[in-house]
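Examination of the molecular architecture
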Amino acid sequence: MDVGERIAELTAQVKRLNDLYYGAGDSPLPDADYDALKDELAALVAEHPELEPADSPLGKVNAPAELTGPTVRHARPMLSLAKATSEEQIRTFCERFGGQVFRVSEKLDGLSLSVVYTDGRLDYVATRGTGTVGELVTEKVRHVIPGLPAEIDAPGRVEVRGEAVMLRSVWAAYNEAHPERILTNPRSGAAGTLVLKDPEAAAQAKRVLRFFAFGADRGGDAIDVPAGFESVAQYVGTGAEEVIDAIHEIGGRRDDLDYDIDGAVVRLHEPAAFDAAGFNSAEPRGAIAFKYPPEEKLTTLLAVQWPVGKIGRVPPRAKVAPVFVGGVTVENITLHNPRLIRERDLRIGDTVAVVRRGDVIPFAGRSLPEMRDGSEVEIVPPTHCPSCESELEVRGTGEERWCVNLQCPAQATRRLMHWASRQAADMEGVGDVWIEKLAEDGVLKRRSDFYDLTTEQLLGYERMGEVSAQNMVDSIASSKDVGLRRALIGLAIPMASEGTAKRLCLAGYERVEDVAAATAEDLVAIRDIGPKAAESIVAFFARPEVREEIAALRERGVNLDVLAEDRPVDTAAAGDSPLKGRSVVITGAFTDPRSGAKISRPDVTRLVEQAAATTASSVSANTDYLLAGANVGAAKTGKAEKLGVTVVRQDELWRWLAEAGVI
Ligand SMILES: NC(=O)c1ccc[n+]([C@@H]2O[C@H](COP(=O)([O-])OP(=O)(O)OC[C@H]3O[C@@H](n4cnc5c(N)ncnc54)[C@H](O)[C@@H]3O)[C@@H](O)[C@H]2O)c1
Ligand SMILES: [Zn+2]
């Protein structure tokens, strides 16, 4: 192929990838591979400038093919950043500005927004768009970035720039709840969220974003980011070594963050110096982005297995050629459901992009059809259960396969493993391999059989030592104090989550028999238990073998009653608490006064509920208190006060919780 053809080919590829990336937020190639294509193009064009096509993607801010909807012209262009992948490049950059002060910040992997206020009120929000013209997303953002201040305490025209990201936890929870509509990664999740037609529905489905500011100006002069905003984490220092230390510091905690970062931004700290350094067509000269090695790697999909789960789901699991990504070696990845396999057109033998983010289970984001050689094999979901051979049912939009045979041996084994696991009975000394063996042998058929195991019996097995046998028996004996919450989890009731178990306990159920006797009506009255889950719970306990199992566990002295730690706080203590029986809305960021650590929203909710309050997601006339943590705008508290809702600040809340005996 001659150079001209290669340039044309690379141009077309980069442009196609840009359209996908800046449009719906898709990235069929890992960023590092995209960067390599672009670098190759840049190198060829540098040598043969006369061959650069008129529509070259180089030297400009890359943008979606077209902006949809109303637009606005940016007061100052929103630019791209020059890239560095080696420390050497960072040193060269720092040396160019010898003696100056630098700022190093996390480079969040989301999409940039310009948020403009006039005399303290939110005027508009725009995307980067073409760099000079952005798309207006003001109304969408009101729903999908609930934390964005509607008002700030500053006069004049103030523009705040920053990055909107989908938190990893939000991304994982959304995918968990919508297996039929998987978001490939948080970045595309964020981009996709801002193009949705119904942002209100997105917010209800908890598909929401967070905004982190990285700069602000008033009438063109740099100012501090106004109060009410979260800022990107940043360091200020002089000289290349301090800058490189900061880059390592940021890179080192990459896995612990709840958002993706793809690099660190180094820029001149002083606004005057930054402006004086000037700009080229697409990038400021006073800043550079250091890119960390990719967290997404290519590997080969070797096989797909269909293990049978504890409630009969038969999900696809892929084996891939071992690949080191996100700090671990990955060999097994989840493919979620058959529909996803079909839509992503995954085949055995395919090159697939594997992603891992923090603790999130690796996921084959996509196949790369352009890398096929014809030997790839279609993935066909099984029609019959690999364990009991009964015909599988196809259910739901994900086209999941289910074994509905209640006697299925594979399901029984999975249920036993689940009962022994940490979130249920927590039998530390009993490994899955042994459970499988004992189940195969017919010694373990149901949960209650664990409690009949003896050391003599176990010692009859090859490779079972006296210590292990004793360990197993002891750990089974000491696990008998399961309690209602963990027993409900261990029973693996379809559609009932760990949260359902918690809420049943908080709702005052004392014994597993009481839950078994509840009607669907009783159950839907409990917060967050919907009609489907309620029916599933009732149907589960109506099964004779479940009732027999509960009786058998009781006979062996297994505790299936609520434990003190899972009860709602006693009326006596909560009786003194102003929270008791109140309806509250929680907003803002909370810090645990005991440890000084930030505390998550679900944890605050749990504490407040233990003090016998009920929580709601938005303020209404029925709300008693708005519990306001840090960074709560005046708009929010003002609205609450207008509705006659008392605003309670966090120091008071902690006092109340202490009085109620919750903390
Ligand atoms: N995989 C693909 O197919 C594909 C396609 C197109 C682009 N990409 C990737 O997108 C990037 C392209 O560059 P770009 O021009 O969109 O962005 P960029 O990498 O040049 O960086 C500029 C952007 O960084 C953001 N940013 C995040 N944190 C920041 C901080 N602390 N300070 C300042 N800015 C911050 C801003 O939104 C700004 O617009 C590359 O990383 C490329 O690999 C990938
Ligand atoms: Zn089966």
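Predicted model, so just to flag it, every value in this text is computed and none were measured.

Turning our attention to the overall build of the protein chain. Of regular secondary structure, the protein chain possesses 24 helices and 29 strands. Principal axes of the C-alpha set define a box for the protein chain whose edges measure 85 × 70 × 45 Å. Among the 663 residues that make up the protein chain, the fraction classed as buried is 47%. The contacts in the protein chain between residues at least 6 apart in sequence include a share of 67% that link residues at least 24 apart.

Coordination angles at a metal have ideal targets, namely 109.5 degrees for four tetrahedral donors and 90 or 180 degrees for six octahedral donors. Note on the zinc ion (ligand 2): its protein donors are Cys385 (SG), Cys388 (SG), Cys403 (SG) and Cys408 (SG). The metal-donor distances range over 2.2 to 2.3 Å. Its four donor atoms give the zinc ion (ligand 2) angles of 100 to 115° at the centre, a pattern that matches the tetrahedral case. Read in sequence order, the donor residues coordinating the zinc ion (ligand 2) give the pattern C-x2-C-x14-C-x4-C. With Cys388 in the loop between strand 21 (377-378) and strand 22 (393-395) and Cys408 in the loop between strand 23 (400-402) and helix 11 (409-420), the pair connects residues that are 20 residues apart, well separated along the chain.

Turning to the site of ligand 1, a few remarks are in order. In the region of ligand 1, 26 residues are neighbours, and Tyr22, Asp35, Ser80, Glu163 and Lys291 sit closest. Here an oxygen atom of ligand 1 sits 3.1 Å away from a polar atom, N or O, in the side chain of Tyr21. When ligand 1 is considered free in solution it has 840 Å² of accessible area, and contact with the protein chains removes 93% of it. Residue assignment for the shell around ligand 1 shows that the elements contributing at least two residues are helix 1 (3-22), helix 2 (31-47), strand 3 (101-108) and strand 12 (261-268). Considered class by class, the residues forming the shell around ligand 1 number twelve nonpolar, five polar and nine charged. Split by domain, the shell around ligand 1 shows at least three residues from each of two domains, domain 1 (3-51) and domain 2 (71-291).

Of note, Glu376 is situated in the loop between strand 20 (363-367) and strand 21. Among the polar contacts listed, one links the side chain of Glu376 to the backbone nitrogen of Asp373, at a separation of 3.0 Å. At 2.9 Å, the side chain of Glu376 forms a polar contact with the backbone nitrogen of Gly374. Those residues within four positions of Glu376 in sequence are excluded, and the remaining contacts are Arg347, Ile348, Gly349, Asp350 and Met371.

In this section: the UniProt feature "active site" (unreviewed entry) in the protein chain. The UniProt record marks Lys107 with the feature "active site" (unreviewed entry), using the residue numbering of this structure. Take Lys107: it is sitting in strand 3. Apart from the residues within four sequence positions on either side, Lys107 is in contact with Leu81, Asp260, Ile261, Asp262, Gly263, Ala264, Val265 and Ala289.

Our focus in this paragraph is the domain arrangement of the protein chain. Examined at the domain level, the protein chain breaks down into domain 1 (3-51), domain 2 (71-291), domain 3 (296-402), domain 4 (409-565) and domain 5 (571-659). Measuring from the centre of the C-alpha atoms in domain 4 to the corresponding centre in domain 5 gives 35 Å. Residue-level contacts link four residues of domain 4 with five residues of domain 5. Our count for the domain 4 to domain 5 interface comes out at zero salt bridges.

Grouped together as the largest cluster of nonpolar side chains are 64 residues, with contacts concentrated most on Ile90 and Phe211. The element that contributes the greatest number of residues to this core is helix 8 (residues 239-252), accounting for six residues. Aside from chain neighbours lying at most four places away, what touches Phe211 is Leu113, Val115, Ile145, Leu148, Val160, Arg161, Gly162, Glu163, Ala164, Phe229 and Glu230. Core analysis: the second largest hydrophobic core is formed by 51 residues, Leu416, Trp419, Met472 and Ala501 among them.

On the surface, Asp432, Glu436, Glu440 and Asp441 cluster together to form a negatively charged patch. Counting through the fold element by element, Asp441 comes out in the loop between helix 12 (432-440) and helix 13 (455-459).

This part is about the sheet that holds strand 12. Taking strand neighbours across the sheet as the criterion, the five strands line up as 2-13-12-3-11 in an open arrangement whose pairing is mixed. Two strands lie at the open edges of the sheet, namely strand 2 (82-84) and strand 11 (234-238), each paired on one side alone. Neighbour to neighbour, the strand axes of the sheet diverge by 30° on average, direction disregarded. Pairing of strand 3 with strand 11 involves five bridges; the strand directions are antiparallel. If you follow Val101 over to strand 11, its bridge partner there is Thr238. The sheet strands contacting helix 8 are strand 3, strand 11, strand 12 and strand 13 (287-291), and the helix crosses strand 11 at an angle near 160°.

Parameters and conventions
- Sequence order as written defines residue numbering, which begins from 1 separately in each chain.
- Note on labels: chains are lettered from A, ligands numbered from 1, in written order.
- At least 70 in pLDDT is required for a residue's local features to be given in this predicted model, at least 80 for side-chain atom pairs to be given and counted, and no such filter applies to totals for whole chains, interfaces and linings, which use all residues.
- Think of the side-chain values as coming from all heavy atoms in the structure, minus any hydrogens and water.
- Runs of E in the DSSP output that reach at least two residues are strands. Runs of H or I that reach at least four are helices, and both are numbered from the N terminus.
- The rule is simple: take the accessible area with a 1.4 Å probe, protein chains only, and divide by the maximum for that residue type; under 20% is buried, over 50% is exposed, in between is partly exposed.
- Should any heavy atoms of two residues lie within 4.5 Å, those residues are considered in contact.
- A donor here means an N, O or S atom no more than 2.8 Å from the metal, or no more than 3.2 Å when the metal is Na, K or Ca. Since water is not included, a site may seem to lack partners.
- Geometry is assigned from donor-metal-donor angles: four donors are tetrahedral when every angle falls between 85 and 135 degrees, four are square planar and six octahedral when opposite donors sit over 155 degrees apart with all other angles between 65 and 115, and any other arrangement is irregular.
- What makes a residue near a molecule or strand is one non-hydrogen atom of that residue sitting within 4 Å of it.
- Definition of a polar contact: a pair of N or O atoms within 3.5 Å, with one able to donate and the other able to accept a hydrogen when the atoms are protein atoms, and with sequence-neighbouring residues admitted only if both atoms are side-chain atoms.
- Per-residue and other accessible areas were derived by the Shrake-Rupley procedure at a 1.4 Å probe size, with only the shown protein chains allowed to occlude residues.
- Each residue is assigned to one of three groups, with Ala, Val, Leu, Ile, Met, Phe, Trp, Tyr, Cys and Pro labelled nonpolar, Asp, Glu, Lys and Arg labelled charged, and all others, Gly among them, labelled polar.
- Per the annotation, domain bounds derive from an automatic or database assignment of domains.
- UniProt positions are given in the numbering used here, feature names are shortened, and annotations may be inferred rather than shown by experiment.
- Salt bridge, as used here, is a side-chain nitrogen of Lys or Arg placed within 4 Å of a carboxyl oxygen of Asp or Glu.
- The set of buried Ala, Val, Leu, Ile, Met, Phe, Trp, Tyr and Cys residues whose side-chain atoms join them within 4.5 Å is what this entry labels a nonpolar core.
- A residue counts toward a patch only above 30% relative accessible area and without a salt bridge, and it is joined to like-charged neighbours within 9 Å or, for Val, Leu, Ile, Met, Phe, Trp and Tyr, to nonpolar neighbours within 5 Å.
- Charge assignment: positive for Lys and Arg, negative for Asp and Glu; neither His nor the chain ends contribute.
- Working definition for charges: the position is that of NZ of Lys, CZ of Arg, CG of Asp or CD of Glu.
- A pair of strands is treated as paired once DSSP finds two or more bridges between them.
- Comment: axis = line fitted to C-alpha atoms, over the contacting stretch for helices; angle = value between 0 and 180 degrees taken between N-to-C directions.

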